[in-house]
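Coordinate analysis (summary)
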Amino acid sequence: MKILVTGGAGFIGSNFVHYLLRTYPHYKIVNLDYLTYAGNLENLQDIEEHPHYRFVRGSIYDKKTVDALLSGEKELFHTDLAPIDIIINFAAESHVDRSIADPERFIKTNITGTQVLLEGARKHQIKQFIQVSSDVVYGSLKTAEGAFTEETPLDPNSPYSASKAAADMLVRAYHQTYGLHTNITRCSNNYGPYQFPEKLIPLVITNALSYLPVLIYGDGFHVRDWLHVEDHCLAIDLVMHKGVPGEIYNIGANNEWTNIELVKTLLQLVDRDESLLEYVKDRLKHDRRYAIDSSKIQKELGFIPVHSFEKGISNTVSWYRSNEEWWQRAKSGEFRNYYQRQYGQILPNQFH
Ligand code: NAD
Ligand code: DAU
């Protein structure tokens, strides 16, 4: 089995590449990543020489690269990467705040990029296409009860959410129109090692470790439903092996926290007091509550999350404590230096 993982140098993608090589040592993996500010090959340093792993730097919205890769153009990649059996699309601009500040890249990567991959999958008769989507496409739950099911209408609020919803619609269309075997997964908020310190959990941990302010948007009573990244990987594994063509699967672990409750827990774990807390202006059109009903994937594919939040979050704090150089480099935009050292090429500024 040969799998094209896109965005494999990011948070979830790099955890997934490790997961796959550990769980299925005979599978072959090609990782196509553009290495934006969020992509870091250091995350994959330990498997760089693995005979079943290959990295290709390129963008999912670059038709030429995608087509060449799926056609197996030997001259370009010095080896035949084709035939690919499955495409799993993790590549995305993934941060809501950045999408509010500057939506354009979200359209290019998340929408155009997904369409370019879908077209490649159609043309090269790829057996399965998995779109790693998000619960943000459902918008915001209005009450404290209930959760998003796969039937909840799409109601995206941020440019990021809208771009993910648009991509989901394209995936659906390629299944309906061309009969491509597609699956869409919609997961809740992930946490764990290698998450870029712009998202709530790693930002709070690393700021608190540095005695920097920890910002709470609005009143702090927004709710998120947290899942360990390894459980997300497990769920995608199940979809890869048992997903029914055209089906959508929600992924979550019934683990809701208000932001303020979660941040206070993190401050305790890091040994800092609440004087670091600073309430700031709310995010524009800030979604109030996300909660995922994952009973479909549990019943139909046998998904059971294995990580308890208590242990998972304390291990995550320990990971950031032990990997200060990694997150200091992330914060100062120095991920690119690793690529330059290893591959002898300079990444242009636009990739920050
Ligand atoms: P991330 O920002 O950490 O990583 C994204 C990766 O995609 C990076 O390696 C980046 O270099 C790469 N990339 C960006 N643009 C690209 C392009 N044009 N071509 C090729 N590669 C490109 O994101 P993440 O948190 O790991 O999220 C991965 C996927 O999971 C995304 O699709 C996201 O929407 C989805 N998701 C994330 C969460 C979460 O909580 N983080 C939850 C649900 C779904
Ligand atoms: O639900 C899945 C989504 O979760 C993914 O699709 C996105 O890629 C991922 O970024 C995440 O989106 P959120 O907007 O929920 O994540 P973020 O970590 O940015 O914020 C979590 C909550 O914390 C949110 O209510 C905003 C709030 N927040 C965030 C930051 C960075 C703060 O109060 N302060 C902060 O400094």
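Higher on the page you've got the structure.
What counts, and where the lines are drawn
- Residues numbered from 1 in each chain as written.
- Chains lettered and ligands numbered in written order.
- Predicted model: local features only at pLDDT ≥ 70, side-chain atom pairs only at ≥ 80, totals over all residues.
- Heavy atoms only, no water.
- Helix = DSSP H or I, 4+ residues; strand = E, 2+ residues; numbered from the N terminus.
- Contact = heavy atoms within 4.5 Å.
- Near = heavy atom within 4 Å.
- Polar contact = N/O pair within 3.5 Å; in protein donor to acceptor, adjacent residues only side chain to side chain.
- Areas by Shrake-Rupley, 256 points an atom, 1.4 Å probe, with all protein chains shown as cover.
- Nonpolar A, V, L, I, M, F, W, Y, C, P; charged D, E, K, R; others polar.
- Pairing = 2+ DSSP bridges.
- Axes fitted to C-alpha atoms, helices over the stretch in contact; angles between N-to-C directions.

**A word on the environment of Met240**
Within the secondary structure layout, Met240 lies in helix H8 (residues 229-242). Spatially, the C-alpha atoms of Met240 and Ile87 are 9.7 Å apart, while their sequence positions differ by 153 residues. Ignoring any residue separated from it by four or fewer positions in sequence, one finds Met240 in contact with Ile3, Phe16, Leu20, Tyr27, Ile86, Ile88, Gln128 and Ile130.

**A closer look at the site of ligand 2**
The local shell around ligand 2 holds 23 residues, among which Ser134, Asp135, Tyr160, Arg283 and His286 are the closest. One of the side-chain N or O atoms of Asp135 is found 2.5 Å from an oxygen atom in ligand 2. A distance of 2.8 Å separates an oxygen atom of ligand 2 from a polar atom in the side chain of Asn189. Within the complex, the protein chains bury 94% of what would otherwise be the 680 Å² of accessible surface of ligand 2. At the level of secondary structure, the elements contributing two or more residues to the shell around ligand 2 comprise helix H7 (200-209) and strand E8 (214-217). For the shell around ligand 2, the element with the highest residue contribution is E8, accounting for three residues. Partitioning the shell around ligand 2 into residue classes produces ten nonpolar, eight polar and five charged.

**Looking at the sheet that holds strand E9 (residues 223-228)**
Ordered by their spatial adjacency, three strands build an open sheet running E7-E9-E11, and the pairing between neighbours is mixed. Pairing within the sheet leaves two strands with one partner each, and these edge strands are strand E7 (189-191) and strand E11 (256-258). Recorded for the sheet is a direction-independent mean angle of 50° between the axes of neighbouring strands. When E9 meets E11, the two strands line up antiparallel, connected through three bridges. Along E11, the bridge assignment pairs Arg224 with Trp257. Docked against the sheet, helix H11 (residues 309-322) engages E7, E9 and E11, running at close to 60° with respect to E7.

Nothing here speaks to function; it is geometry throughout.
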